Amino acid sequence: MSQAIKITKVAHSNVDSLDFDNIPFGKIFTDHMYEAHYEDGKWGSFAIKPLENLSVHPGNLAWHYGQSIFEGMKATKGKDGAPLLFRPEEHIYRLNASAARMCMPEFPEAAFLDAIHTIVKMEEAWIPPSEGSALYIRPLMFATDEAIGVRPSEKYTLLIMCLPVGPYYPKPVSLLADTKYIRAAMGGVGEAKTAGNYAASLYPAKLAKEEGYDQIMWLDAKEHKYVQEVGTMNIFFVIDGKVVTPITEGTILKGITRKTIIQLLEEKGYDVEQRRINIDEIVEAYKAGTLSEVFGTGTAAVIANVNKLKYKDTVMDFDQDKATVSAYAKSTINGLRNQTVEDTHNWVVEAGTYTA
Ligand SMILES: *Cc1c(COP(=O)(O)O)cnc(C)c1O
């Protein structure tokens, strides 16, 4: 059994002030947060308490040099209103992979699962009931040493926040394949969910927006030819009925939604190829009329259909009526999350049922 969590509850929940039909993404936080501290080589002081501001020294190492990693997962409501988690262990494996790359300490799996189960069960009244809405769970780990100088911190904090959210992209998105800027290079930190990756994407994303595109589709750093992924989503193409997605070889974030969808599509009988994808092949397939759909996958968006993709002078438009593969994947994953599709993989677990 992991060390017990010290729980302090709010006197009055704020949940009554939430309009479940109208939730702005990322702005509404639930009543409580989880907090843990790493000091003298171990994690401890596990607590759940009212959400509050932190008091941070100006020399905080995370602020100066970016030792900061995060996760994103979602809780939904099942048939009987039970709070459900989806593959929570995958998120602690990935958090710890990000931690290793950023020279940060791993967080114990048992303590993580205990934390997620306990806080989601406490905040279950905040889980929006409608399909596509969810309680977004944001674990965050950052350095807390108070010192100037580039070196790994000796102290860290791990927080878990919960935010009710509506659908992330209610409409299809347009993508620009960037031929100048890059997200990740081999040997870099593209596989880690670390703060700097997102900071580095802001300026190119702003330029893409000015050109009228919602997001960037990143190409490889060396040749600007091989498709990587989108801001916070992995990317899939359907060519000649075959599903194709870039292989994660060190520059691409290993999405849990990506992994889930590959398995669901294979089980449905689709041919799914994970390989390097040259953008010229995408343009050729489009011109030949064999590229029927493009979609992104990620916890926040679940599935976002792409209606437009630009590469150099070619603008590709996609008919949303042909997006049948993504429609199947989306209804299946949402169905698993609200228990209208049978969970044959034991991916769905009820929050509050964890025992170490
Ligand atoms: C989080 C993230 C994804 C999606 O991962 P999921 O586990 O499916 O949520 C994809 N790409 C990037 C860059 C991400 O940060």
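Preceding this paragraph is the structure being described.
Quick summary incoming for the structure in this document. Please read these numbers as outputs of a predicted model, since none were measured by experiment. (Residues numbered from 1 in each chain as written. Predicted model: local features only at pLDDT ≥ 70, side-chain atom pairs only at ≥ 80, totals over all residues. Heavy atoms only, no water.)

**Here's the deal with the pairing of strand 16 (residues 302–311)**
- Burial analysis of strand 16 places eight of its 10 residues in the buried class, which makes it a mostly covered element.
- Examined bridge by bridge, strand 9 (residues 173–177) and strand 16 share four bridges and lie parallel to one another. Counted as the bridge partner of Ser 174 is Lys 308 from strand 16.
- When strand 15 (residues 291–298) meets strand 16, the two strands line up antiparallel, connected through four bridges. Residue pairing in the sheet places Gly 296 in a bridge with Ala 304 of strand 16.
- Taking the residues that link successive antiparallel strands as the turn, the strand 15-strand 16 hairpin has three residues.
- In the sheet, strand 16 pairs with strand 17 (residues 314–317) via four bridges, with the strands oriented antiparallel. Bridge assignment links Leu 309 to a residue of strand 17, and that residue is Met 316.
- The turn joining strand 16 and strand 17, which pair antiparallel and follow one another in sequence, is formed by two residues; a positive phi near 50 degrees is taken by Lys 312. (Buried < 20%, exposed > 50% of the residue type's maximum accessible area, 1.4 Å probe, protein only. Helix = DSSP H or I, 4+ residues; strand = E, 2+ residues; numbered from the N terminus. Pairing = 2+ DSSP bridges.)

**Overview of the pattern of salt bridges**
- The final tally for this structure, using the stated rule, is 15 salt bridges.
- Note that Asp 145 and Arg 151 form a salt bridge whose closest N and O atoms lie 3.1 Å from each other.
- A relative accessible area of 38% places Arg 151 in the partly exposed class.
- The network of salt bridges with shared partners includes Lys 242, Glu 273, Arg 275 and Glu 281. (Salt bridge = Lys/Arg side-chain N within 4 Å of Asp/Glu carboxyl O.)

**Things to note about helix 7 (residues 324–337)**
- Taking 1.5 Å per residue, 14 residues should reach 20 Å; helix 7 reaches 20 Å between its end C-alpha atoms and fits that length.
- Phi for Gln 339, located one or two positions after helix 7, is positive at around 65 degrees. (Expected span 1.5 Å × (residues − 1).)

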